[in-house]
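# Descriptive structure summary
Residues per chain, in single letters:
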Amino acid sequence: MIGAAIGLNAALLNIITEWLSDIKLGYCTTGFYLNQNFCCWGEDNGCPQWHRWTPIAPVNYLMYILTAAMFAFTSATLVKSFAPYAAGSGISEIKCIIAGFVMKGFLGWWTLLIKSIGLPLAIASGLSVGKEGPSVHYAVCTGNVISRLFDKYKRNASKTREILSASSAAGVAVAFGSPIGGVLFSLEEMSPHFPLKTMWRTYFCCLVATAVLSAMNPFRTGQLVMFQVRYDRSWHFFEVLFYIIIGIFGGLYGAFVIKWNLRAQAFRKKYLSKHGVLEATLLAVGTAIICFPSIFLSIDMTESMEILFKECEGGEDYHGLCESKHRWSMFFSLILATAIRTSLVIISYGCKVPAGIFVPSMAIGASFGRAVGILVEALHDSYPTSAFFSACDPDLPCITPGTYAFLGSAAALSGIMHITVSVVVIMFELTGALTYILPTMIVVGVTKAVGELFGKGGIADRMIWFNGFPFLDNKEEHNFGVPVSQVMTADPVTLPTTGCTMADIEAILGDSGFQGFPVVEERNAKILVGYIGRTELRYAVDRVKKHGGVLPTARCYFAAPASAASLAPATPSTPLTPAVTIDGSSSSVDFSRFVDPTPVSVHPRLPLETVMDMFRKIGPRVILIEYRGKVLGLVTVKDCLKYQFKAEAHETPRVDDRGAVEGQEEWLWGLIMRGAGWASDKVTTISRGRIRLNSDVIRRGSGSRRTGIMDGTEDVPDDGVELNRI
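Residues numbered from 1 in each chain as written. Predicted model: local features only at pLDDT ≥ 70, side-chain atom pairs only at ≥ 80, totals over all residues. Heavy atoms only, no water.

### Here we look at helix 10 (residues 196–216)
Side chains that are three or four residues apart share a direction in an α-helix, a result of its 3.6 residues per turn. Rule in force here: Working definition: helices are DSSP H or I runs of at least four residues, strands are E runs of at least two. Numbering for both runs from the N terminus. Under the convention used throughout, the expected extent of a helix is 1.5 Å for every residue step, that is, one less than its residue count. Categorising residues by exposure relies on relative accessible area from a 1.4 Å probe, with only protein chains included: less than 20% of the type maximum marks a residue as buried, more than 50% marks it as exposed, and the intermediate range marks it as partly exposed. An arc is given here, and it is the one of the directions from the helix axis to the C-beta atoms. By definition in these notes, contact holds between two residues if any of their heavy atoms fall within 4.5 Å.
Taking 1.5 Å as the rise per residue, helix 10 with 21 residues should run 30 Å; its terminal C-alpha atoms sit 31 Å apart, in good agreement. By the burial criterion, the buried members of helix 10 are Thr198, Thr202, Cys205, Cys206, Ala209, Thr210 and Leu213. Each buried residue of helix 10 lies within a common arc of 125° when the element is viewed along its axis, so the set occupies one face. Structural note: helix 10 exposes Leu196, Trp200 and Ala215 on the side pointing more than 90 degrees away from its buried face. Looking at the buried side of helix 10, the elements it contacts are helix 1 (2–23), helix 8 (157–176) and helix 9 (179–190). A positive backbone phi angle near 50° is found at asparagine 217, which sits one or two residues after helix 10.

### What about the packing of aromatic side chains?
Short version of the rule: In this analysis, rings of Phe, Tyr and Trp, with Trp reduced to its six-membered ring, are considered paired at centre separations within 6.5 Å, and the interplanar angle assigns stacked below 30 degrees, edge-to-face beyond 60, and tilted for intermediate values.
Taken as a whole, this structure holds 24 aromatic pairs when the rule is applied. Note on tyrosine 64 and phenylalanine 292: the rings are 4.9 Å apart at their centroids and 55° apart in plane angle, and the pair reads as tilted. Here tyrosine 64 is found in helix 3 (residues 57–82), whereas its partner phenylalanine 292 is found in the loop between helix 12 (276–291) and helix 13 (301–309), with 228 residues between them in sequence. There is no split in this pair, since tyrosine 64 and phenylalanine 292 are both buried. Judged by centre distance (5.6 Å) and plane angle (10°), the rings of phenylalanine 82 and tryptophan 110 are stacked.

### A few points about the sheet that holds strand 4 (residues 489–490)
To keep it simple, the criterion reads: DSSP-based pairing: two strands are paired if at least 2 bridges between them are found.
Ordered in space as 4-14-13-12, the four strands form an open sheet in which the pairing is mixed. Either end of the sheet is taken by a strand with one partner, and the two such strands are strand 4 and strand 12 (601–602). Of the strand pairs in this sheet, strand 4 and strand 14 (residues 630–635) are connected by two bridges, and their pairing is antiparallel. Residue pairing across strands places threonine 489 opposite leucine 634, the latter belonging to strand 14.

### Structural notes on a nonpolar patch on the surface
How we decide: Residues enter a patch when their relative accessible area is above 30% and they make no salt bridge; the linking distance is 9 Å between like charges and 5 Å between nonpolar side chains (Val, Leu, Ile, Met, Phe, Trp, Tyr). Method for areas: the Shrake-Rupley scheme with a 1.4 Å probe, in which residue coverage is limited to the protein chains shown. We define a salt bridge as a contact between a side-chain nitrogen of Lys or Arg and a carboxyl oxygen of Asp or Glu at a distance within 4 Å.
A cluster of nonpolar residues, Phe82, Trp109, Trp110, Leu113 and Ile117, forms a patch on the protein surface that exposes about 530 Å² of accessible area. Considering every element that reaches the nonpolar patch, the biggest residue donor is helix 5 (residues 109–124), with four residues. Locating tryptophan 110 in the fold gives a position in helix 5. The exposure class assigned to tryptophan 110 is partly exposed, which follows from its relative accessible area of 46%.

### Digging into the confidence of the model for the protein chain
A low pLDDT means the predicted coordinates there should not be read in detail. Put simply, the rule reads: The score called pLDDT rates the predictor's confidence residue by residue, from a low of 0 to a high of 100.
In the predicted model, the protein chain carries a mean pLDDT of 81, and 86% of its residues have values of at least 70. Confidence over residues 563–575 falls short of pLDDT 50; this stretch has 14 contacts with residues more than four positions distant or in other chains.

### Section: the state of the cysteines
What counts here: Counting rule for disulfides: a pair of cysteine sulfur atoms within 2.5 Å.
For the structure on display, the rule yields one disulfide. Bridging cysteine 392 to cysteine 398, the disulfide has an S-S length of 1.8 Å. Summarising the burial analysis for this pair, cysteine 392 and cysteine 398 share the class buried. This cysteine, cysteine 500, is not joined by any disulfide, and cysteine 556 carries the nearest cysteine sulfur, 6.7 Å off. Cysteine 500 sits in the buried class, given a relative accessible area of 2%. Its relative accessible area of 1% is what places cysteine 556 among the buried residues.

### With respect to the packing of helix 3 against helix 5
What counts, and what does not: Every angle, taken between N-to-C directions, lies between 0 and 180 degrees, and every axis is a line fitted to C-alpha atoms, over only the stretch in contact when it is a helix. Note that the term roughly parallel is reserved for angles under 35 degrees, roughly antiparallel for angles over 145, roughly perpendicular for angles of 65 to 115, and oblique for everything else. Should the near helix be turned anticlockwise from the far one by less than a right angle, the crossing is left-handed, and should it be turned clockwise, the crossing is right-handed. Basically, the charged four are Asp, Glu, Lys and Arg, the nonpolar ten are Ala, Val, Leu, Ile, Met, Phe, Trp, Tyr, Cys and Pro, and anything else, Gly included, counts as polar.
One can describe the packing of helix 3 onto helix 5 by two numbers: an axis separation of 8 Å at closest approach and a directional angle of 160°. The angle between helix 3 and helix 5 falls in the class roughly antiparallel. Here helix 3 and helix 5 pass one another in a crossing that is left-handed. Between helix 3, through Phe71, Thr74, Ser75, Leu78, Val79 and Phe82, and helix 5, the contact on the second element is made entirely by Trp110, Ile114, Ile117, Gly118, Leu121, Ala122 and Ala124. Classifying every residue of the contact of helix 3 with helix 5 gives ten nonpolar, three polar and no charged.

Here it is, written out as structure tokens:
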């Protein structure tokens, strides 16, 4: 059911996105609802049914900019008004959720609806963002919403995590038409724990999703994605040199974009957090102004990849791309498009619209790869008898520039996400060419090696660190050589099974910063009985207050008292309400049903690495440290991460350049404010004072970058994210 729903949603979004992207350029006289491909179906030489908006080029340019701004404004407004969680890609947050966290509302119905509506608008606006990353988010939302209809999954966090892992894989499967690649993506990137039964269920979900997408046939070509391609020629060994160059580009591209995008994200949080709609609209306008004159930037990125992947023989020649007389103009156009698109991706990814980075990176890699292919083809045409090209058949074309574009897109995708095996399989399923598996592996391997020189983890992992989410990466291996007792929080606040009053509980909830409390027999003995989370205790106390008639002096029990059965009368209770017992002038409240009697507990001498592995695989909220039944302390993911960062900083000290970075941000913000003031003055002058734009509309955002690790219950006003452990 989940796979079918994901496939159906993906097909509808593909159709809507293609129509919205084409409507910026013109319309179909046969039917306004048809995009350019359907309108010109079967037409080889021209298309009289497809018309530009006007015969005047400057007016078409203006229409392109206005429609782009309208789409971006609508998408950002929907996100801001109804579902702030729908902004961005969502992959970083989903990794945290699958690792054992709950982000309230992040996978809800409203997020699914707004993500599905806002995503085609954001893509059609021309922003340098993609839909393949957000497809993981709406797929996981679909899985979560449907699974909540069944008690089997609603009340079992472990099974819910399996559903989310399978759904994330299905999202990649329908995005790239790659069911096996989707399974491997979930295994390699998304899920910290991926048992065999989860793999089978994930495979079946991906299979159903891609089958439904294939049955819908959104492009009417039998292809699952627009940029699917087939190659009928093999490669030559001398091309490995150029494949290595493409791989080096992929690693450098990933490191460059990750570094500067994080700088852009920090600037956005500090200054633009309250102006997401204005930022997205201005970005769309700027992108439209820059991209419209370029033949490779004015079209949709998936369409550009389709053009760049194609072989020159037997296909339509796009603006003379395959003609030798246009070779150098195309080469420089592709290099320029690569540079411009890279800059736009850096500033666009992270704005408050549904936005991914998969396809923009692949389009950048395809542009660079095609440029390399054109260069190699020019070398072969200039020196056809060279020994370097001796492997070429003189009667057949030797160089296929489209394959270089294909490999360039694989390199850029691997460079930005730091994934390898799943990229190779995805690209294989896109082409169906067994002969190009080895070149793809070479390119991706070189990209991985170069990327690791500049830091570990792709952009999703870096965003987790940037946002301060408490996440233990299963790809990292550590050997700290210390017991967990050196990391634990010693002497935590405990709750005795008896002896507390409602006033005491309220005081503990108000004063303590702990997210949960071990329950012990006596405070002095500290014999472990169980554990109760702060959220559950707060909920239980609120239910008691709602019940009424309970005084602050009411006795509180965290284990059922032996005499409870003899006390009467007792207030009827439900599984979600504490049992309140009233005996004359005194009363008591039984919180035992909210206590976890079997919390995860370990010996204080257990190695820290083992405890971190338990957090990854089991996903507990907290692990208690006990010795011979007595509670000595507790440890959370935050404690583990603090020690990890401290150890890494001690091994590899880093230069603190925050002062210089903040100075650059202040200078850039001042430049933006001066530009806004100049524009405001010009509008006021031109309108003769009838239109006044307040230069103080854009004020410095009150949000600031968080440098610490989140506990999991912080209120985040900028992003609206609230985390709690399962």
